[in-house]
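Listed below, chain by chain, are the residues.
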Amino acid sequence: MELDRIAQELESLAPEQALETVLVANQNSHLCLTSSFQAEDMLVANLLRKRVPNIPVLFLDTGYHFPQTYEYRDRMTRQWSLNLVNVLPARTVAQQESAFGILYSSEPTRCCQLRKVEPLMRALEPFDVWFTGLRREQSPTRKNLKKLELHRLPTGKALWKVSLLADWTWEQVWQYVNANEIPCLPQYDEGYLSIGCQPCTALPTDPNNPRSGRWGGAKLECGIHTFSTRAER
């Protein structure tokens, strides 16, 4: 299949060339980027905004993010003229806590499902190509990540999932960030390596696993990259 050929080709290409290949193959498609505004996401956003200036940037607004994250999101949205789409859960934080208690403490997986997974799966429905900032090095759960995968949403909708930085190291990310003078979340200066919702984000406990500070070490993924599944071709 054509997708298999392109997927194989992308594995040997630098992010800029991989992006161009994907864009040429999807000239009439609906594209989006999911972003938590971490360094990798900003790197991909910087590449995309030069080629697809109005691409929707989907931010999962869980209501639990660090105040610094919200401030940075708004500042960079203005500075880069991003087409920000705040993806909201069905319930507000107050409504969820009233109905179920503090799920991030008692049932963190259910909290992620309600505030991240379900909203994103709905938000991705209109799109054909989904760009991410995922890297294999980020977590053992991502070690087999391909730059291009065909993913199927719970509704059955299939779309391209494109991770331009899949083979990049943390050092390469920061070299690019510094060379291109991209401002980053202030939490990095405090030692955080993976930054999500404030109650579930701590300093990493394992220097070789950037996500070891997430969810008290109880898990490594919120689920948004596991509830969509690779489609059989």
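How each quantity is defined
Residues numbered from 1 in each chain as written. Predicted model: local features only at pLDDT ≥ 70, side-chain atom pairs only at ≥ 80, totals over all residues. Heavy atoms only, no water. Buried < 20%, exposed > 50% of the residue type's maximum accessible area, 1.4 Å probe, protein only. Helix = DSSP H or I, 4+ residues; strand = E, 2+ residues; numbered from the N terminus. Pairing = 2+ DSSP bridges. pLDDT = per-residue confidence, 0-100. Contact = heavy atoms within 4.5 Å. Salt bridge = Lys/Arg side-chain N within 4 Å of Asp/Glu carboxyl O. Disulfide = S-S within 2.5 Å. Phe/Tyr/Trp six-rings, centres within 6.5 Å; stacked < 30°, edge-to-face > 60°. Lys NZ or Arg CZ within 6 Å of the ring centre and 35° of its normal. Core = buried A, V, L, I, M, F, W, Y, C linked by side-chain atoms within 4.5 Å.

1. Some details on the pairing of strand S4 (residues 129–132)
Of the two faces of S4, the one carrying Val129 and Phe131 and the one carrying Trp130 and Thr132 are both buried. Pairing of strand S1 (residues 31–34) with S4, which is carried by 3 bridges, proceeds in the parallel orientation. Its bridge partner being in S4, Cys32 is matched across the sheet by Trp130. Of the pairings in the sheet, the one linking S4 to strand S6 (residues 158–163) comprises 4 bridges and is parallel in character. Note that in S6 the partner of Val129 across the bridge is Trp160.

2. Here we look at the confidence of the model for the protein chain
In the predicted model, the protein chain carries a mean pLDDT of 89, and 88% of its residues have values of at least 70. In the model, residues 219–223 has pLDDT below 50 throughout and makes 21 contacts with residues more than four positions away in sequence or in other chains.

3. Digging into the side chain of Thr69
Here Thr69 lies in helix H4 (residues 67–80). Thr69 gets classed as buried once you look at its relative accessible area, which sits at 2%. Not counting residues up to four positions away in its chain, the partners in contact with Thr69 are Ser36, Phe59, Leu185, Gln187 and Ile195.

4. Remarks on the pattern of salt bridges
Scanning the entire structure with this criterion turns up 11 salt bridges. Residues Glu71 and Arg75 are paired through a salt bridge, measuring 3.1 Å at the closest nitrogen-oxygen approach. With Glu71 and Arg75 both in helix H4 and 4 residues apart, this pair spans about one turn of that helix. Given a relative accessible area of 41%, Glu71 falls into the partly exposed group.

5. Here we look at the state of the cysteines
Simply put, disulfide is the name for a covalent bond between the sulfur atoms of two cysteines. For the coordinates displayed, the defined rule picks out 0 disulfides. No disulfide involves Cys111; its sulfur sits 6.0 Å from the nearest other cysteine sulfur, which is in Cys112. Here Cys200 stays unpaired: no disulfide links it, and the sulfur of Cys197, its closest cysteine neighbor, is 6.1 Å away. Its relative accessible area of 12% is what places Cys200 among the buried residues.

6. Quick notes on the packing of aromatic side chains
Counting across every chain of the model gives 9 aromatic pairs. Summarising the aromatic geometry, the rings of Trp170 and Trp174 are spaced 5.6 Å apart at their centres and angled 80° between planes, so their arrangement reads as edge-to-face. With Trp170 and Trp174 both in helix H8 (residues 170–179), this residue pair falls 4 residues apart, about one helical turn. Every member of this aromatic cluster is reached through a ring pair, and the members are Phe37, Phe59, Tyr70 and Tyr72. Above the plane of the ring of Trp80 lies Arg49, whose end atom (NZ or CZ) is 4.0 Å from the centre. In this structure, Arg110 is placed above the aromatic ring of Phe100, and the distance from its NZ or CZ to the ring centre is 4.1 Å.

7. A short note on the nonpolar core
Residues Phe37, Phe131, Leu148, Trp160, Val162 and Leu164 are the most contacted members of the largest nonpolar core, which totals 46 residues. Of the residues forming this core, the biggest block, 7 residues, is contributed by helix H3 (residues 39–51). Filtering out sequence-adjacent residues up to four positions away, Phe37 remains in contact with Met42, Val57, Phe59, Tyr72, Arg73, Met76, Thr77, Leu82, Leu84 and Leu185.

8. Topic: the pairing of S6
Where burial is concerned, most of S6 is hidden: 5 out of the 6 residues are buried. Two elements, strand S5 (residues 148–152) and S6, share 5 bridges in a ladder whose sense is antiparallel. Counted as the bridge partner of Leu150 is Trp160 from S6. Between S5 and S6, which pair antiparallel one after the other, the connecting turn spans 5 residues, and Gly156 there sits at a positive phi close to 105°.

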